[in-house]
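# Structure assessment
Listed below, chain by chain, are the residues.
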Amino acid sequence: MTSPTNTEPSPVLDTNIRSLKGRVGYFVAGIMILMSLVHLYQIGFGVFEATLERSLHLCFAVPLVFLATSWRKNRFVDRIPWYDWAFAILGVAAFAWVIYN
């Protein structure tokens, strides 16, 4: 009796999600946890004004797109290049400006 062989590629090897370790990994995880806590607060105690709520959500989500994922599969999966840090900061700045005003 032969065992079936899996011809499909492993989803873990063919991904663009970064596996960050150390302080950077804790930083990105902290952003994710803080975003979750803000959403839980909104569920429990009411929502903010629509523009503020959307901007606050995007102020968390846009940087996470650049920090937690790579543009190319299997490239820069263990570190974050400088331009992804720059785009993350610009994303925070753009939506923080909307919240500020």
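Above this text is the structure in question.
To keep things clear, this report deals only with the structure shown in the data block.

Calculation notes
Residues numbered from 1 in each chain as written. Predicted model: local features only at pLDDT ≥ 70, side-chain atom pairs only at ≥ 80, totals over all residues. Heavy atoms only, no water. Helix = DSSP H or I, 4+ residues; strand = E, 2+ residues; numbered from the N terminus. Buried < 20%, exposed > 50% of the residue type's maximum accessible area, 1.4 Å probe, protein only. Contact = heavy atoms within 4.5 Å. Areas by Shrake-Rupley, 256 points an atom, 1.4 Å probe, with all protein chains shown as cover. Expected span 1.5 Å × (residues − 1). Arc of directions from axis to C-beta. Axes fitted to C-alpha atoms, helices over the stretch in contact; angles between N-to-C directions. Parallel < 35°, antiparallel > 145°, perpendicular 65-115°, else oblique. Left-handed = near helix turned anticlockwise from the far one by under 90°. Nonpolar A, V, L, I, M, F, W, Y, C, P; charged D, E, K, R; others polar. Patch = residues over 30% accessible without salt bridge, like charges linked within 9 Å, V, L, I, M, F, W, Y side chains within 5 Å. Salt bridge = Lys/Arg side-chain N within 4 Å of Asp/Glu carboxyl O.

Before going further, it helps to examine the overall build of the protein chain. Looking only at helices and strands, the protein chain features three helices and zero strands. Counting only residues that meet the buried cut, the protein chain has 27% of its 101 residues in that class. For the protein chain, long-range pairs separated by at least 24 residues make up 73% of all intrachain contacts whose partners lie at least 6 apart in sequence. Here the protein chain displays about 7800 Å² of accessible surface, and carbon together with sulfur accounts for 67% of that area.

Here helix α3 (residues 82–100) contains 19 residues, and its C-alpha end-to-end distance of 26 Å stays within 8% of the 27 Å for a straight helix at 1.5 Å per residue. Within α3, burial applies to Asp84, Ala88 and Gly91. Projected onto a plane normal to the axis of α3, the buried residues spread over an arc of 60° and lie on a single side. In α3, the exposed positions that point more than 90 degrees away from the buried face belong to Trp82, Ile89, Leu90, Trp97 and Tyr100.

Further remarks concern the packing of helix α1 (residues 22–45) against helix α2 (residues 50–68). Interhelical geometry of α1 versus α2 gives an angle of 155° and a closest axis separation of 10 Å. In this view, α1 runs roughly antiparallel relative to α2, as classed from their interaxial angle. Crossing handedness for the pair α1 and α2: left-handed. Of the residues in α2, those touching α1 at Phe27, Val28, Ile31, Met32, Leu34, Met35, Val38, His39 and Gln42 are Glu53, Leu56, His57, Phe60, Ala61, Leu64, Leu67 and Ala68. The residue inventory of the contact of α1 with α2, partitioned by class, reads 13 nonpolar, three polar and one charged.

Now for the environment of Leu20. By secondary structure assignment, the location of Leu20 is in the segment before α1. Along the sequence, Leu20 and Ala68 sit 48 residues apart, while their C-alpha atoms lie 8.1 Å from each other. Excluding its chain neighbours within four sequence positions, the residues that come into contact with Leu20 are Gly25, Val28, Leu67, Asp78, Arg79 and Ile80.

On the surface, Ile33, Leu34, Leu37, Leu40 and Ile43 cluster together into a nonpolar patch covering about 540 Å² of accessible area. In this structure, Ile43 sits in helix α1. Its relative accessible area of 69% is what places Ile43 among the exposed residues.

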